[in-house]
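A closer look at the structure
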Amino acid sequence: MHKEERMTQQPMLCLTCFRGNTPNDPDSMDDFWVLDLERDVNWGDPTYLCKYCCERIAALTGFVPEADYIEQANIVKQQLRRIHDLQAKLEERNRRLDQIAQGTRAVRRTKKERAAS
Ligand SMILES: [Zn+2]
């Protein structure tokens, strides 16, 4: 089976809803596609599933629509980038705190040495 922009072999009908190459409003033909199952029925008729039936099958079987998947993948990518940036800031801050702590210890040590002498 494979995805096609539109049905090309007669009869051009979805196997389950009998839709032709007619997208739902507001979709245009650019948004429309069909799945060619590459199987013949009724002695040579093609088997197509329209985009809407494929989406319904995917929803019924628990799969996420492609647009939702892309949106979620972009959100995950943004969040990973944000986590990376925050980790870099945290590490830089920890390095500064270590330097401040080392400086404070050195000052205390010097004060003790001066007091002892
Ligand atoms: Zn259909």
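Residues numbered from 1 in each chain as written. Predicted model: local features only at pLDDT ≥ 70, side-chain atom pairs only at ≥ 80, totals over all residues.

A look at the overall build of the chain
In terms of helices and strands, the chain carries 2 helices and 3 strands. In the chain, the order of α-helices and β-strands from amino to carboxyl end is β-β-β-α-α. Since a compact globule built from 117 residues should have a radius of gyration of about 13 Å, the 32 Å found for the chain marks it as more spread out than a globular shape. Taken along its principal axes, the extent of the C-alpha atoms in the chain is 105 × 25 × 20 Å. In the chain, buried positions account for 6% of the 117 residues. Long-range contacts, defined here as pairs at least 24 residues apart, represent 53% of the contacts in the chain between residues at least 6 apart. (Helix = DSSP H or I, 4+ residues; strand = E, 2+ residues; numbered from the N terminus. Rg over C-alpha atoms; globule rule 2.2 N^0.38 Å. Buried ≥ 20, exposed ≤ 12 C-beta atoms within 10 Å, placed from the backbone. Contact = placed C-beta atoms within 7 Å.)

What to know about unusual backbone geometry
For the bond running from Gln10 to Pro11, omega is -5°, close enough to zero to count as cis. Tracing the chain through its elements places Pro11 in the loop between β1 (2-4) and β2 (34-36). A positive phi angle, close to 55°, is found at Glu38, a residue other than glycine. Among the secondary structure elements, Glu38 is positioned in the loop between β2 and β3 (48-50).

Regarding the domain arrangement of the chain
Buried accessible area, meaning the area lost when the parts come together, often serves as the stated size of an interface. When cut into domains, the chain gives domain 1 (1-63) and domain 2 (64-117). Each of domain 1 and domain 2 has a C-alpha centre, and these two points are 52 Å apart. (Domains from an automatic or database assignment.)

Structural notes on the sheet that holds β1
Strands sit in the order β1-β2-β3 across an open sheet of 3 strands; the sheet is antiparallel. Single-partner strands in this sheet number two, and they are β1 and β3. Put simply, the sheet's adjacent strands are angled 30° from each other on average, direction ignored. Relative to β2, β1 runs antiparallel, the two sharing 3 bridges. Directly across from Lys3, in β2, lies its bridge partner Leu35. Together, β2 and β3 form the strand contacts of helix α1 (residues 51-60), whose direction differs from that of β3 by roughly 80°. (Pairing = 2+ DSSP bridges. Axes fitted to C-alpha atoms, helices over the stretch in contact; angles between N-to-C directions.)

What about the environment of Lys112?
Secondary-structure assignment places Lys112 in helix α2 (residues 66-116). Looking at Lys112, the number of C-beta atoms within 10 Å reads 10, which means it is exposed. Linking Lys112 and Val64, residues 48 residues apart in sequence, is a C-alpha distance of 67 Å.

Section: the nonpolar core
In a soluble, globular protein the nonpolar side chains are often hidden away together inside. The biggest cluster of nonpolar side chains holds 5 residues, and these are Cys14, Val34, Tyr48, Leu49 and Cys50. Excluding residues that lie within four positions of it along the chain, Cys50 makes contacts with Cys14, Cys17, Arg19 and Val34. (Core = buried A, V, L, I, M, F, W, Y, C linked by C-beta atoms within 7 Å.)

Considerations on the environment of Val76
Inspection of the secondary structure puts Val76 in helix α2. Looking at Val76, the number of C-beta atoms within 10 Å reads 10, which means it is exposed. Separated by 21 residues in sequence, Val76 and Leu97 place their C-alpha atoms 31 Å apart.

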